[in-house]
Structure formats: structure tokens, C-alpha cells
Amino acid sequence: MFEQFSLLVNNRQSCRDFNDKPIDKETLDKIVSLGLLAPSACNSQPWKLYVVTEENARKKVAHSLQDMMMNKFTNKAQAFIVLAEREATLKLGASLKFDRNHFVKYDIGQICAYLTLGAESLGVSSCIIGWINEKELKQAISMPEDQSCKIVIALGYSDIDKRKKSRKDFETLVELI
């Protein structure tokens, strides 16, 4: 099992060159179902996922990710998962010690990892995007005012070969105590 997970993690990379092959609904449902299994503080699940596949909506979402000429590759994404943040409902002890939204950014990070690894396991490439015109994005998908979005995942298939990962040395980043 470790070998399979290691292969999955090593193969997953940010894709910025999607081809035109659409992603079928069943595949998207599987990706999202895996994402929804992500852990969250007090099982609060402070998210709502907007899966955007309709062509006009995709164009609007892509445009909302292209402020200052960034992320033009999103025009070719075949789907987007917009990770909306909602207020968390924490257990009493946690809510007395922490602001109710203290853990939300970590929870969103968890579901983001589950979604991108789930996509990779099904042969779907992804790119995590944090460069967002949130006002434009919210209008594009009719997101309610009580939700916010700091992360969108672009999805599609790629014909580009995987590149070798470049990471700092283990010893530079890890200290065993």
C-alpha cells in the first residue's frame, strides 16, 4: 500500500497544459467523493464544493483566475472545483479556546490534498490556484456572501510528460529530535 501511495504522490504535479478531452460526470463524482472524506477540526466540514463543468461557467471561472494576466492556461481546464469556505461549527471546548474559523484554512488544505490526489489516482491532472478575483468568481457561480474562496482546483487531462520533482534536501527541512 505504501508503494502505491508513494507512486501517487510522486506522480501528482501541477498541470498547466490541459488537452480538450472532457472529464465525465462519474469521474468527477469519484474525485469529489474522495475529497469529502478529508478530515476537519471537530468534523466541522467547513466547505462547500462547486464543481464547474458547463462551458460558459468554466469561461467565467477561468477569467476570475486570470487577474494581472496570470493563469491563462485555465482557459483549457475542463472542470474547476471551487472550494468555498463556510463558518465552522466547533465542539464547545474548541470553540471556547479558538475562534470558530481558526482551523478552516487547514481543513481546506486537507480537502484540497484529497481532491488533487483523488484526481491523480483517476488519471486527471490538476492545478491548485490561489490567485483569484474573488468578487468575480462569486458572481460567476452565484456563491452566497457568507462563503469565501481562496482556492480553486483546475482539472483536465494532460498529454505532457511528468517532470522530475525538485525539492530541498530532507536534512534541510527535517530535524529529528
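As shown above, the structure is provided for reference.
In this report, the structure presented in the accompanying data block is examined. Since the structure is predicted, the reported quantities are computational estimates derived from the model, not experimental observations.

About the cut-offs
- Residues numbered from 1 in each chain as written.
- Predicted model: local features only at pLDDT ≥ 70, side-chain atom pairs only at ≥ 80, totals over all residues.
- Heavy atoms only, no water.
- Helix = DSSP H or I, 4+ residues; strand = E, 2+ residues; numbered from the N terminus.
- Rg over C-alpha atoms; globule rule 2.2 N^0.38 Å.
- Buried < 20%, exposed > 50% of the residue type's maximum accessible area, 1.4 Å probe, protein only.
- Contact = heavy atoms within 4.5 Å.
- Areas by Shrake-Rupley, 256 points an atom, 1.4 Å probe, with all protein chains shown as cover.
- Lys, Arg positive; Asp, Glu negative; His and termini not counted.
- Charge placed at Lys NZ, Arg CZ, Asp CG, Glu CD.
- Polar contact = N/O pair within 3.5 Å; in protein donor to acceptor, adjacent residues only side chain to side chain.

With that settled, consider the overall build of the protein chain. Counting its secondary structure elements, the protein chain contains seven helices and four strands. Overall, the protein chain shows an N-to-C arrangement of helices and strands of α-α-β-α-β-α-α-β-α-β-α. At 17 Å, the protein chain has a C-alpha radius of gyration in line with the 16 Å of a compact globule built from 177 residues. Principal-axis analysis of the C-alpha atoms places the extent of the protein chain at approximately 50 × 45 × 35 Å. Across the 177 residues that make up the protein chain, the buried fraction comes to 41%. Summarising the internal contacts of the protein chain: among those between residues at least 6 apart in sequence, 79% fall at separations of at least 24. In the structure as shown, the protein chain presents an accessible area of about 11,100 Å², 54% of it carried by carbon and sulfur atoms. Placing the 25 positive and 23 negative side-chain charges of the protein chain at their respective mean positions leaves the two points 2 Å apart.

With that settled, consider the side chain of Thr116. In this fold, Thr116 is placed in helix 5 (residues 104–121). The class for Thr116 is buried, based on a relative accessible area of 4%. A polar atom in the side chain of Thr116 sits 3.2 Å from the backbone oxygen of Ala113. Aside from chain neighbours lying at most four places away, what touches Thr116 is Arg12, Ser126, Ile128 and Ile153.

We note that Asn71 has phi near 55°; this positive angle belongs to a residue other than glycine. Looking at the element boundaries, Asn71 is found in the loop between helix 3 (55–64) and strand 2 (79–85). Notably, Ser142 is not glycine yet its phi reads approximately 55°, a positive angle. Tracing the chain through its elements places Ser142 in the loop between helix 6 (134–141) and strand 4 (148–156). Since its relative accessible area comes to 64%, Ser142 is described here as exposed.

What follows is about the side chain of Lys138. Relative to the helices and strands, Lys138 is located in helix 6. Of note is the side chain of Lys138, whose polar atom sits 2.6 Å from the backbone oxygen of Gln147. Ignoring anything within four residues of it in the chain, the contact list for Lys138 reads Met143, Pro144, Glu145 and Gln147.

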